[in-house]
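# Tertiary structure, described
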Amino acid sequence: MAANNVFEGLLTFWHSYRLPVLVAVFSIVIIVWAYRKLQPKSKTAAASSVPTSPRSQSPRKAEKETLGDIKQGTEEKNTQRLAENETLAKSASGPKRLSGKKPLKVAGRRGGSDQGAPLSFIQPIIFFASLTGTTERYAQKLQEDLRVATQNQADPENHERGILSPQIHDLSYVDFDDYFTTAPKPPPTSPGTRYLYCLLIPTYNIDTVLNTFLDHLNETHNDFRIDTGSLSSLAGYAVFGFGDKEGWPTEEEGFCSQAKELDRWMAKLTGRKRAYPLGFGDVKNDAESALKEWSHGMQDVMADILASGGLGEGVPGSGDPLESDDEDLEDASDDNKSKSRKKAQNVVDLEDIKMAAENQGGSGSPIPVDFTTDGKSSALPSQLTAKEMVPKTSPTYAALTKQGYTIVGSHSGVKICRWTKSALRGRGSCYKYSFYGIRSHLCMEATPSLSCSNKCIFCWRHGTNPVGTTWRWKVDSPELIFQGVKEGHYKKIKMMRGVPGVRAERFAEAMRIRHCALSLVGEPIFYPHINEFLDMLHTEHISSFLVCNAQHPDQLEALKRVTQLYVSIDASNRESLRKIDRPLHRDFWERFQRCLDILREKRHVQRTVFRLTLVKGFNVDDEVIGYANLVEKALPCFIEIKGVTYCGTSTSAGAGLTMQNVPFYEEVTAFVVALNKELERRGLQYGIAAEHAHSCCVLIASERFHVNGKWHSRIDYDRFFELLEKEKADGTSFSPEDYMRETEEWAQWGNGGFDPNDERVYKKGKNKAIQAAPES
């Protein structure tokens, strides 16, 4: 009864006041809607914590936070853009169109540019993978070595530059996106920090995290959404591989194969910022010592980066990510390349003009020109105005530097040859290693005089170097030349550290010059202070191999002891010598003969060598008798017979030498056998001692170096310097037999002469097909 009364009361209230209640509710709704409509939108701020210092915060965490900011901002932009597109779709007729901006690339395909702030700190990061714990222990040793090195190099007064303590990460526990999709960004408090990756990688024949890691690098490189140089902001990278040579004896059979693959992918992703060559270590032999040497190299690299702000000249861009078969300019026979070099090599001198005029006059062969009257200068040196032989503004300077020379002072130069590059990559040294024990990557090729008194038709410089019969230029001190050529050589070697295939242990060895070949271009004994320069080489225990052209008998007679003395014997008679060497002296044949007499006198003091360069159509046919006459006159210790090297068309030198003038190796060996028989017929004690087929070169040696039935053409360099120091101390003389060593069996005549410890690489022809057959 009471409930009915309450219900009837509420119903009476509703009927009495329903209109005011509805109006009030409606008014409240309108007010709330109006308030929300007129209220301004709030802006959302994304807060992110950033590391205060690169020393206390790992790049991984900073990278994740930065990526989170980017992701949140990107989601907001995508939501707003989607709403705009839906509005357009409703209001416009026709197909929907999505508008957007092309994302900017972080780095270019060839490496891009580093981040804007100048480099201030280097943060080494060591990555490793390990199943048994062996590689992890080596990684910890590397971390300790780098940590000690950074402490020793730290400047307590400079807190704005330096090398930070190395970090270490196991690849099994890192997020690859944090480090190998894009490079870590420096913390905001230290924008000049750059990261240097050191990767220690074993090789397994089972599926491990390494397979996943390499697949990630492959996908990153081939992902069209990610730039190919996504890691180019790194300061650099270097890889060291561990393997077992008992199971996989060679690289071709899999030794350190995963490290080699990683090195290739990192080269692509970083824009070829290889900071140090790929290192190898055999876990059952030399792994610890090889890693120690590699660690020292990395320490030097970090110091160089901090000092110069980058990897230096030639890096990035010093080598393609994949193996390159490009060799030196002089080895290219392509006509287009020859044409592109003509402008820089088009240096016309008065000798060429004179020869051309005489040829047109019907005299036949070119006649050399001598600007002197009696072979002596008519003016005293003090009366002459000294000028530079190769001024920096001259076309000669431009031509030589384009060919790869480093010009030292005003008349000297240094250059690394293709055999140096080959030896650094484990592809073999030149004939000097087979014959005399000189590894090409330990040899510096230099000259104290770029000027020559000949204009040989096969000269590698195509006549771009200066010529003259007397020294009429400014003379640089031997100290300046010695320091300059060493600095230039080391600089060129350092440029090779980013080239694919360079072996870390050989790169480290190359940073200590052991030999000097004074045979680059020009005439070394033309330099007035050649003996002082040789003394500087010998003081640092650098052997000296000096080549002269038999046109300066006075300088040859005054020459002090060298490790080995060469004389170029390019022809067996006067007419052939004039056509091939094109000497500038009128009395060239008389000078030539006098040099042979001096060589005969020196044969028991110096190791003397005849250098025969065979040029088909010039000095091969019917000249065996003539060469035997010259050998009989000078009785050299050794005779090198080598086929001429074709290095592009020589039309700029007026010779017209072509590939038709290059003899095959079979033709060279036939000539050698014929010459050896002629020497035997005359009773001269010579024999064929060694060969290097790869260089198309064969060595005939005197029986003085045939001991106990074995040839001893190699040199004991330690013994040479020991005897030389004793001679300087007490005047005790010595002979070439006192510092000879036995010739290696693989270098002897009939065995080819290629070091079995190196890899022979064929690039074309049937030999390449023969090499490919066993591999397939």
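Since we're looking at a predicted model, the values are computed, not measured.

Let us now look at the overall build of the chain. Within the chain, the regular secondary structure consists of 22 helices and 20 strands. Going through the 776 residues of the chain one by one, you find that 50% of them count as buried. If you take every contact in the chain between residues at least 6 apart in sequence, the share linking residues at least 24 apart comes to 78%. Carbon and sulfur atoms provide 52% of the accessible area of the chain, an area that totals close to 38,500 Å².

This brings us to the packing of helix α5 (residues 209–222) against helix α6 (residues 257–269). At their nearest, the axes of α5 and α6 sit 10 Å apart, and the two run at 25° to each other. As far as their axial angle goes, α6 and α5 are roughly parallel. For the crossing formed where α5 meets α6, the hand is left-handed. Taking contact as the criterion, the partners of L210, N211, F213, L214, L217, N218, T220, H221 and N222 in α5 are, on α6, Q258, E261, L262, W265, K268 and L269. Among the residues forming the contact of α5 with α6, the class breakdown is 7 nonpolar, 6 polar and 2 charged.

A separate point is a nonpolar patch on the surface. On the surface, a cluster of nonpolar side chains totalling about 890 Å² of accessible area is made up of F7, L11, F13, W14, Y17, V21, L22, V25 and V29. Relative to the helices and strands, L22 is located in helix α1 (residues 2–38).

The predicted coordinates should not be examined in detail at positions where pLDDT is low. For the chain, per-residue confidence averages 79 on the pLDDT scale, and 75% of positions sit at 70 or higher. The low-confidence segment residues 41–72 (pLDDT under 50) makes 44 contacts with residues lying over four places distant or belonging to another chain. Here residues 649–654 scores under 50 on pLDDT; set against residues more than four positions off or in separate chains, the count is 17 contacts.

Considering all chains together, one arrives at 26 salt bridges under this definition. Among the ionic pairs, R704 bridges to E737, the shortest N-O distance being 2.7 Å. With R704 in the loop between β16 (697–702) and β17 (706–707) and E737 in the loop between α21 (717–730) and β20 (740–741), the pair connects residues that are 33 residues apart, well separated along the chain. In this structure, the salt-bridge partner of K710 is E742, at a minimum N-O distance of 3.7 Å. In this pair, K710 is assigned in strand β18 (residues 710–711) and E742 in the loop between β20 and α22 (765–775), connecting sequence segments 32 residues apart. The partly exposed category is assigned to K710, whose relative accessible area is 42%.

Summed over all chains, the structure comprises 28 aromatic pairs. On the numbers, 5.8 Å between centres and 80° between planes, the contact of F435 with Y436 is edge-to-face. Judged by its relative accessible area of 0%, F435 is buried. The buried category is assigned to Y436, whose relative accessible area is 0%. These aromatic residues form a ring-pair network of at least three members: Y431, F435, Y436, F545, Y566, F638 and F705.

Quick look at the pairing of strand β9 (residues 443–447) now. Strand residues, when the strand is regular, have side chains that alternate between the two faces of the sheet. Counting buried positions over the 5 residues of β9 gives 5, a clear majority of the element. Burial along β9 is two-sided: the face carrying C443, E445 and T447 and the face carrying M444 and A446 are both buried. Note: strand β8 (residues 412–415) against β9, 3 bridges, orientation antiparallel. Paired with V414 across the two strands is A446, which belongs to β9. With 3 bridges joining them, β9 and strand β10 (residues 515–518) adopt parallel strand pairing. In the strand pairing of β10, M444 is matched with C516.

Since one α-helical turn is 3.6 residues long, residues separated by three or four positions face the same way. Look at helix α7 (residues 287–308): 31 Å from first C-alpha to last across 22 residues, which is about the 32 Å you get at 1.5 Å a residue. Those residues of α7 that sit buried are A287, A290, L291, W294, S295, G297, M298, Q299, V301, M302, I305 and L306. G309 sits one or two positions beyond α7 and adopts a positive phi of about 85°.

Turning our attention to the sheet that holds strand β15 (residues 686–692). Taken in spatial order, the 10 strands line up as β7-β8-β9-β10-β11-β12-β13-β14-β16-β15 in an open sheet, and their pairing is mixed. With one partner strand each, in any of the chains shown, β7 (406–408) and β15 form the two edges of the open sheet. Recorded for the sheet is a direction-independent mean angle of 25° between the axes of neighbouring strands. Pairing analysis gives 4 bridges linking strand β12 (residues 564–568) to strand β13 (residues 608–614), with the strands arranged parallel. When the sheet's bridge partners are listed, S568 is paired in β13 with R611. Strands in contact with helix α15 (residues 530–539) are β9, β10 and β11 (543–548); relative to β10, the strand with the most contacts, it is inclined by about 160°.

What follows is about the nonpolar core. Counting 80 residues, the largest nonpolar core has F610, I641 and L675 as the members making the most contacts within it. If you tally residues by element for this core, the top one is helix α18 (residues 588–602), at 7 residues. Discounting residues that sit within four places of it in the chain, F610 has contacts with V567, I569, L596, L599, L630, V631, A634, P636, F638, I639 and E640. In this structure, Y138, I163, L306 and I416 belong to the second largest nonpolar core, which totals 36 residues.

Residue C256 is not a glycine yet carries a positive backbone phi of 55°. Inspection of the secondary structure assignment puts C256 in the loop between β5 (236–243) and α6. A positive phi angle, close to 45°, is found at L635, a residue other than glycine. Following the sequence through the fold, L635 ends up in the loop between α19 (624–634) and β14 (638–643).

Rules behind the numbers
- Throughout, residues of each chain are indexed from 1 in the direction in which the sequence is written.
- Residue-level local features of this predicted model are given only where pLDDT is at least 70; pairs of side-chain atoms are given and counted only at 80 or more, and the full residue set underlies all totals for whole chains, interfaces and linings.
- With hydrogens and water excluded, all non-hydrogen atoms of the structure serve as input to the side-chain values.
- Secondary structure follows DSSP: runs of H or I at least 4 residues long count as helices, runs of E at least 2 residues long count as strands, and numbering of each begins at the N terminus.
- Summary of the burial criterion: residues with accessible area below 20% of their type's maximum are buried, those above 50% are exposed, and those between are partly exposed, where the area comes from a 1.4 Å probe applied to protein chains only.
- Contacts were defined at the residue level, with two residues in contact if any of their heavy atoms lie within 4.5 Å.
- Exposure was quantified through the Shrake-Rupley algorithm and a 1.4 Å probe, taking into account, for residues, occlusion by the shown protein chains and nothing else.
- Between the N-to-C directions of two axes lies an angle of 0 to 180 degrees, each axis being a line fitted to C-alpha atoms and, for a helix, fitted only over the stretch in contact.
- Should an angle fall under 35 degrees it is taken as roughly parallel, and over 145 as roughly antiparallel, whereas 65 to 115 is taken as roughly perpendicular and any remaining angle as oblique.
- For any pair of crossing helices, the crossing counts as left-handed if the nearer helix is rotated counterclockwise from the farther one by less than a right angle, and right-handed if it is rotated clockwise.
- Residue polarity is assigned by list, with Asp, Glu, Lys and Arg as charged and Ala, Val, Leu, Ile, Met, Phe, Trp, Tyr, Cys and Pro as nonpolar; anything else, Gly included, falls into the polar class.
- A residue counts toward a patch only above 30% relative accessible area and without a salt bridge, and it is joined to like-charged neighbours within 9 Å or, for Val, Leu, Ile, Met, Phe, Trp and Tyr, to nonpolar neighbours within 5 Å.
- Throughout this description, the term salt bridge denotes a Lys or Arg side-chain nitrogen within 4 Å of a carboxyl oxygen of Asp or Glu.
- Values of pLDDT, the confidence the predictor places in each residue, fall between 0 and 100.
- Aromatic contacts are taken between Phe, Tyr and Trp rings whose centres are within 6.5 Å, Trp giving its six-membered ring; a plane angle under 30 degrees counts as stacked, one over 60 as edge-to-face, and the others as tilted.
- For two strands to be treated as a pair, DSSP must find at least two bridges joining them.
- Under the convention used throughout, the expected extent of a helix is 1.5 Å for every residue step, that is, one less than its residue count.
- By convention a nonpolar core is built from buried Ala, Val, Leu, Ile, Met, Phe, Trp, Tyr and Cys residues, the set being connected through side-chain atoms within 4.5 Å.

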